[in-house]
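Given next are the chains, with one letter for each unit.
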Amino acid sequence: MWDKVLTVFRETLEKAESSYLTKAKSFDCTDEENSTALAILRRRAWLALRAKVDEQTAETIFLGKLRNYFEERFRYDEKGTPRVWKPDDDIDSAFRKAKEQTLELIPIYWRIEPLDPSLKFTLPSETSDPLTSTEEFDFPATLIVFSETKSLDLNNRFRKDADAYYVEAKRSMVSSVAQIPYWMYGVLVVLGWNEAMLVLFNPLYFTMLLILLVSAYVIVQLGMTGPVLQILKSLGGEVHRQVEGRLREHFSQPQITQPVRASQPRNSTSVDEPEKEIRRRKAEPY
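What counts as what
Residues numbered from 1 in each chain as written. Predicted model: local features only at pLDDT ≥ 70, side-chain atom pairs only at ≥ 80, totals over all residues. Heavy atoms only, no water. UniProt positions renumbered as here; feature names shortened; annotations may be inferred. Helix = DSSP H or I, 4+ residues; strand = E, 2+ residues; numbered from the N terminus. Phe/Tyr/Trp six-rings, centres within 6.5 Å; stacked < 30°, edge-to-face > 60°. Buried < 20%, exposed > 50% of the residue type's maximum accessible area, 1.4 Å probe, protein only. Salt bridge = Lys/Arg side-chain N within 4 Å of Asp/Glu carboxyl O. Patch = residues over 30% accessible without salt bridge, like charges linked within 9 Å, V, L, I, M, F, W, Y side chains within 5 Å. Areas by Shrake-Rupley, 256 points an atom, 1.4 Å probe, with all protein chains shown as cover. Lys, Arg positive; Asp, Glu negative; His and termini not counted. Charge placed at Lys NZ, Arg CZ, Asp CG, Glu CD. Core = buried A, V, L, I, M, F, W, Y, C linked by side-chain atoms within 4.5 Å. Contact = heavy atoms within 4.5 Å. Axes fitted to C-alpha atoms, helices over the stretch in contact; angles between N-to-C directions. Left-handed = near helix turned anticlockwise from the far one by under 90°. Nonpolar A, V, L, I, M, F, W, Y, C, P; charged D, E, K, R; others polar. Expected span 1.5 Å × (residues − 1).

A. Quick look at the UniProt feature "transmembrane region" (unreviewed entry) in the protein chain. Mapped onto this numbering, the UniProt entry gives "transmembrane region" (unreviewed entry) at residues 180-198 and 204-224. Within residues 204-224, the helical portion is 86% and the strand portion 0%, while the C-alpha atoms at the span's ends are 27 Å from each other.

As structure tokens, then:
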């Protein structure tokens, strides 16, 4: 990895140096000025590279890269197909292999060191000088990307993430093992035999069943399963709203009670007639 990075860095730096020398000729710069300017250019280019490396190897970004690298080797096979773990699969060996391959990346990243010795890049270290406004520059320190403490911390944090992936894979395998026992299908056949025969030998039920099967086949072949389910869902929701509204209206209206009318006695007329007769006789002259 570092071989490619340093190769591109050298090519870019050579282009920048040649561009500077071309422009410096027009200003009649001395060799000492050119050497000083080139030294500053190399140091600033190296610091720019280190800033980019620090950006790409930040803690969260680097852990994400480790997780992605681990997932590609644990969750996917050599052809890039997602793995569906089965009870017969050796999940422990696959997990151990993927984790070891991922942990090998941390020693590679912790220090800028190419495999090809000819690609090594060196710069002279400088001490700070207030008179010349020169900042301290320790080149060997810039080669270290991760300290030992940070490397151990990244190692431990990645192990926890990898263990979580392992537990998740184990759970998925256990859930796939849990299934309906085969004898249960026999029980269902025995208990539902009479109902099945009733549907098959009844012309009305059999015709309805045949129509439903043909309709379902046509819907699936035309790819209309989604729209049909959406229509049924909307219809069910509308029926539910209508029924709920009617029930609310029914139970929210107060019941109006009819006033009780006082019933007159049936014999009131017969009781008043003798009194009227007595009054009439008293009023007649003798």
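B. View of the packing of aromatic side chains. A full pass over the atoms with the stated rule returns eleven aromatic pairs. Measuring from ring centre to ring centre gives 4.7 Å for Phe95 and Tyr166, while their planes differ by 40 degrees; the resulting arrangement is tilted. With Phe95 in helix H4 (residues 91-103) and Tyr166 in helix H7 (residues 148-177), this residue pair connects regions lying 71 residues apart in the sequence. We classify Phe95 as buried; its relative accessible area is 8%.

C. Region of the structure containing the pattern of salt bridges. Using the criterion set out here, one finds ten salt bridges in the structure. The residue Asp54 makes a salt bridge to Arg50 at a minimum N-O spacing of 2.9 Å. Linking Asp54 with Arg50, this pair stays in helix H2 (residues 31-56), spanning four residues, or about one helical turn. The exposure class assigned to Arg50 is buried, which follows from its relative accessible area of 10%. As a salt-bridge pair, Glu113 and Arg111 come within 3.6 Å of each other at their nearest N and O atoms.

D. Main features of a negative patch on the surface. Residues Asp88, Asp89, Asp90 and Asp92 make up a contiguous surface patch of negative charge. Relative to the assigned elements, Asp88 resides in the loop between helix H3 (59-74) and H4. Looking at Asp88, the relative accessible area reads 76%, which means it is exposed.

E. The nonpolar core, seen in detail. Residues Trp46, Phe70 and Phe74 are the most contacted members of the largest nonpolar core, which totals 34 residues. Going through the elements one at a time, helix H1 (2-25), H2, H3, H4, helix H5 (105-109) and H7 are the ones with two or more residues in this core. Sequence-distant contacts of Phe70, that is, excluding residues within four places in its chain, are made with Phe95, Ala98, Lys99, Thr102, Phe158, Ala162 and Tyr165.

F. Region of interest: the packing of H3 against H4. Interaxial distance between H3 and H4 falls to 9 Å at its minimum, and their mutual angle equals 145 degrees. Regarding H3 and H4, the two cross each other, and that crossing is right-handed. Packed against H3, whose contacting residues are Leu66, Tyr69, Phe70, Arg73 and Phe74, the element H4 presents Ile91, Ala94, Phe95, Ala98, Lys99, Gln101 and Thr102 at the interface. Here the contact of H3 with H4 is built from residues that sort into eight nonpolar, two polar and two charged.

G. Structural detail: H3. The end-to-end C-alpha distance of H3, which contains 16 residues, comes to 22 Å, matching closely the 22 Å that a straight helix rising 1.5 Å per residue would cover. Buried within H3 we find Phe62, Leu63, Gly64, Leu66, Phe70, Glu71 and Phe74.

H. Spotlight on the packing of H1 against H2. Running from N to C, H1 and H2 point in directions that differ by 145 degrees, and their axes come no closer than 10 Å. When you trace H1 past H2, the crossing you get is right-handed. Residues Trp2, Val5, Leu6, Phe9, Leu13, Ala16, Glu17, Tyr20, Leu21 and Ala24 of H1 pack against Glu33, Asn34, Ala37, Leu38, Leu41, Arg42, Ala45, Trp46, Leu49 and Val53 of H2. Residues that form the contact of H1 with H2 fall into these classes: 16 nonpolar, one polar and three charged.

I. Representation of the environment of Val53 within the structure. By the element assignment, Val53 lies in helix H2. A relative accessible area of 10% places Val53 in the buried class. With residues up to four places along the chain from it excluded, the contact list for Val53 reads Trp2 and Val145.

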